[in-house]
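Residues per chain are reported as follows:
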Amino acid sequence: TAARLCGLKKNSKEASRARLFLHTHGGALGAPQWAKLWLAVLGCYDWKGVNPVPPELWLLPNWFPFHPGRMWCHCRMVYLPMSTLFGLRYTYENAENDSLILSLRKELYYERYECINWGRERETINPGDVYNPQTNIMTFANWFLHYTLENPVIRTIFAFPLNFLRKRAIDFCCDMVAAEDEHTNWIDIGPVNKAFQIIVAYAREGSDSKNFRRHISRIPDYLWVAEDGMKVQGYNGSQFWDSAFAAHAIGYSKLAGKKFGIYSEAEKVLDESMKLVYEFTDAAQVREDVRDRRDFFRDVSTGGWPFSTRDHGWPISDCTSEGIKTVILLHKIMENKDSHTIDKTRLEEAVSIVLGMHNPNTDGGWASYEQNRGYEWYEVLNPAQVFGDIMIDYSYTECTSACVQGLVKFAKTYPESALAEDAIRAALMGSSFILKDQNDDGSWYGSWAVCFTYGGWFGVEGLCAALEVEKNSKKRALIVDAIKRGIGFFLSKQSCDGGWGESVEACSTKYWVPCEEGSQVVQTAWAVLALVRASESLAIEDGFKELLSSCHASALKGCNFLRKRQEESGDWKQENISGVFNKSCGITYTAYRNVFPIWALARYAAFSSS
């Protein structure tokens, strides 16, 4: 459908092959729920065949056990405009006269469009699209809502109260959509809800409205020209996230170079790079809260760092923690103190954000954007068959590790701060979550990249940071043992060429799946970073001489693999997908292939020289 809208001819080879595949797999009637709603908006599917997404749910009182405002922000911000469009039953106004739409109605189905029993197809989905099978409870909820709240007879009998509630709900949803647009400078939290919110702006205000034009102007933020063509990103970029990691790669390169005395010619280039990264870090920090935040289920933003840019503005736990670490590292390395524009007060604001996202009363860990608001049983009401674990913001090893590292780094740098004790207390609680989240084989599942390699790196880094401030001897023993087992897992997965290679399939299967193409530079760099960090921590403990020797030998093999894979230009080739989200969606991070190998090599060099 997208290709045809973009100009692909009906009788082209590509369109013919796509139609054959589609019809072989049941046609558009077997599309997942999100796709059905999009087709209904376009006029290529009847709203009778779409499961209910009632906007009235947003009018539930905040204390109600199930409330959309308690859902994970990405999930609720997608279902917000979806429920608005469902409530409006909006369909492209020229659908009945548009030759392309009329043609698509024939192309997408193997039976006549006019003869389809739409109500019978509401729950139809091709098995190949199912990652997260819909529960019986969700199926019953769909049935109940369809035959009560959306029943034409009931809506006729109780027209006044139901229409009043529907209008009020749509008005609230539209206000919240407008607030999200304003809060994010019309970027929105992600491309999925942005696309829906563009349609809401068009349906409510028309194509000449200021809101609609502002939306259109921010579409390029999501477009990305990769080696293999134009794509739409899963975010408006990873600018700050990549920059924070790059700062560590550059910083450790300078530290290693100083120890070896080999960076005299490159010194100015490194200094200028660090200056630019610092300026961007300064500019990217969020400096104010969004308006009416409580009305629209938003938390404090001041002091946080986003994944991408300040324009986007949604602070994230691990991004804010990486911001804290980056500032402290650059303050240590940048010799010109006058350029230190991010002072302790601003770092304390960032620490307050991290502490505010902590979950001390549940699992002690950190989720991504907010505290856990909902309950795990929300997942039985997950209507998206293609994504798993999206209903609430869960605590993650990676987010928790980043927060532990950032809080420990802050507390050790500013022990006089009023937040130092709270930072250490929260960090130690976070280390307990990391201990509990470790698997029996010593690994950690990574939710935001592939997979056990990434999770293992963060698991080791977080526990090593906690070890710096943990005073309880029993807890220290548990942390040391967990680090040992984590390193044991890495040593067991190293390939004969010295590298590590893991398939993105591991994210969905939840067990280690070797990469068919062999070792990968990004995953090898993560493993080396984990080995070096563990060696630094265990070197001051007693009885680990043999393990430290194995770590050193393994890390050296990994570094040699990275050196062999490096191009003459200094670049590394783009390899397999290294990022992921929601267990089934891969993300290409093009900066990773350079940032992490440089960081790993520099960190190993600095460590081995000592």
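About the cut-offs
- Residues numbered from 1 in each chain as written.
- Predicted model: local features only at pLDDT ≥ 70, side-chain atom pairs only at ≥ 80, totals over all residues.
- Heavy atoms only, no water.
- Helix = DSSP H or I, 4+ residues; strand = E, 2+ residues; numbered from the N terminus.
- Rg over C-alpha atoms; globule rule 2.2 N^0.38 Å.
- Buried < 20%, exposed > 50% of the residue type's maximum accessible area, 1.4 Å probe, protein only.
- Phe/Tyr/Trp six-rings, centres within 6.5 Å; stacked < 30°, edge-to-face > 60°.
- Lys NZ or Arg CZ within 6 Å of the ring centre and 35° of its normal.
- Core = buried A, V, L, I, M, F, W, Y, C linked by side-chain atoms within 4.5 Å.
- Contact = heavy atoms within 4.5 Å.
- Pairing = 2+ DSSP bridges.
- Axes fitted to C-alpha atoms, helices over the stretch in contact; angles between N-to-C directions.
- Left-handed = near helix turned anticlockwise from the far one by under 90°.
- Nonpolar A, V, L, I, M, F, W, Y, C, P; charged D, E, K, R; others polar.
- Patch = residues over 30% accessible without salt bridge, like charges linked within 9 Å, V, L, I, M, F, W, Y side chains within 5 Å.
- Areas by Shrake-Rupley, 256 points an atom, 1.4 Å probe, with all protein chains shown as cover.
- Salt bridge = Lys/Arg side-chain N within 4 Å of Asp/Glu carboxyl O.
- Polar contact = N/O pair within 3.5 Å; in protein donor to acceptor, adjacent residues only side chain to side chain.
- Parallel < 35°, antiparallel > 145°, perpendicular 65-115°, else oblique.
- Expected span 1.5 Å × (residues − 1).

Participant: I'd love a proper account of the overall build of the chain, names of residues and values included.
Facilitator: Within the chain, the regular secondary structure consists of 22 helices and four strands. For 610 residues, the compact-globule estimate of 2.2 N^0.38 gives 25 Å, and the C-alpha radius of gyration of the chain, at 26 Å, lies within 12% of that figure. Taken over the C-alpha atoms alone, the chain extends approximately 80 × 55 × 45 Å along its principal axes. Within the chain, the proportion of its 610 residues that are buried is 56%.

Participant: Lay out the packing of aromatic side chains with the relevant residues and their values.
Facilitator: Enumeration according to the criterion identifies 49 aromatic pairs in this entry. Cluster of aromatic residues (ring-pair linked, three or more members): Y235, W241, F245, F307, Y454, W457, F458, W526, Y589, Y592, F596 and W599. Lying across the ring of F86, R89 places its NZ or CZ 4.0 Å from the centre. Against the face of W314 rests R298, its NZ or CZ located 3.7 Å from the ring centre.

Participant: Give me the nonpolar core: which residues, what numbers.
Facilitator: Of all hydrophobic cores here, the largest spans 158 residues; its most connected members are Y109, F245, W305, W366, W457, I483 and F596. Broken down by element, the residue count for this core peaks at twelve residues, all from helix α20 (residues 521–538). Beyond its immediate sequence surroundings of up to four residues, F596 is in contact with F245, W457, V522, A525, W526 and L529. Counting ten residues, the second-largest nonpolar core is a separate cluster that includes V450, C451, A506 and W512.

Participant: Let's hear about the pairing of strand β2 (residues 229–232): which residues, and what values?
Facilitator: The sheet contact formed by strand β1 (residues 223–226) and β2 spans four bridges and is antiparallel. Bridge pairing in β2 links W224 to K231. In textbook terms, the turn of a hairpin is the stretch between consecutive antiparallel strands, and for β1 and β2 this stretch comprises two residues.

Participant: Could you give me a rundown of the packing of helix α18 (residues 473–493) against α20, with the residues and numbers involved?
Facilitator: The description of two packed helices rests on the angle between their axes and on the distance between the axes. Where α18 contacts α20, the two axes come as close as 10 Å, and the packing angle between them is 145°. The way α18 lies across α20 gives a crossing that is left-handed. Seen from α18, the contacting residues are V480, I483, I487, F490 and L491; seen from α20, they are A527, A530, L531, A534 and L538. Residue composition of the contact of α18 with α20, grouped by class: ten nonpolar, no polar and no charged.

Participant: Before we move on, can you summarise a nonpolar patch on the surface with the specific residues and values?
Facilitator: A cluster of nonpolar residues, I216, I219, L223, V225, M230 and V232, forms a patch on the protein surface that exposes about 540 Å² of accessible area. When residues of the nonpolar patch are traced back to their parent elements, those giving at least two are β1 and β2. Counting through the fold element by element, I219 comes out in the loop between α10 (210–217) and β1. On the accessibility criterion, I219 (31% relative accessible area) is partly exposed.

Participant: Any chance you could break down the side chain of H248 for me, citing the residues and the numbers?
Facilitator: Structurally, H248 is set in helix α11 (residues 239–260). Its relative accessible area of 5% is what places H248 among the buried residues. Here A244 takes part through its backbone oxygen, which lies 2.9 Å from a polar atom of the side chain of H248.

Participant: Account for the packing of helix α13 (residues 317–333) against helix α14 (residues 344–357), naming residues and giving values.
Facilitator: Between α13 and α14, whose axes approach to 9 Å, the crossing angle comes to 150°. Taken together, α13 and α14 sit at an angle that is classed as roughly antiparallel. The element α13 and its partner α14 pack so that their crossing is left-handed. Between α13 and α14, the contacting residues are S317, T320, S321, I324, V327 and I328 on the first element and L347, A350, V351, I353, V354 and M357 on the second.

Participant: Run through α13, naming residues and quoting values.
Facilitator: Helix length check: α13 (17 residues) gives 25 Å between terminal C-alpha atoms against 24 Å at 1.5 Å per residue, within 8%. Burial runs high along α13: 16 of the 17 residues are buried.

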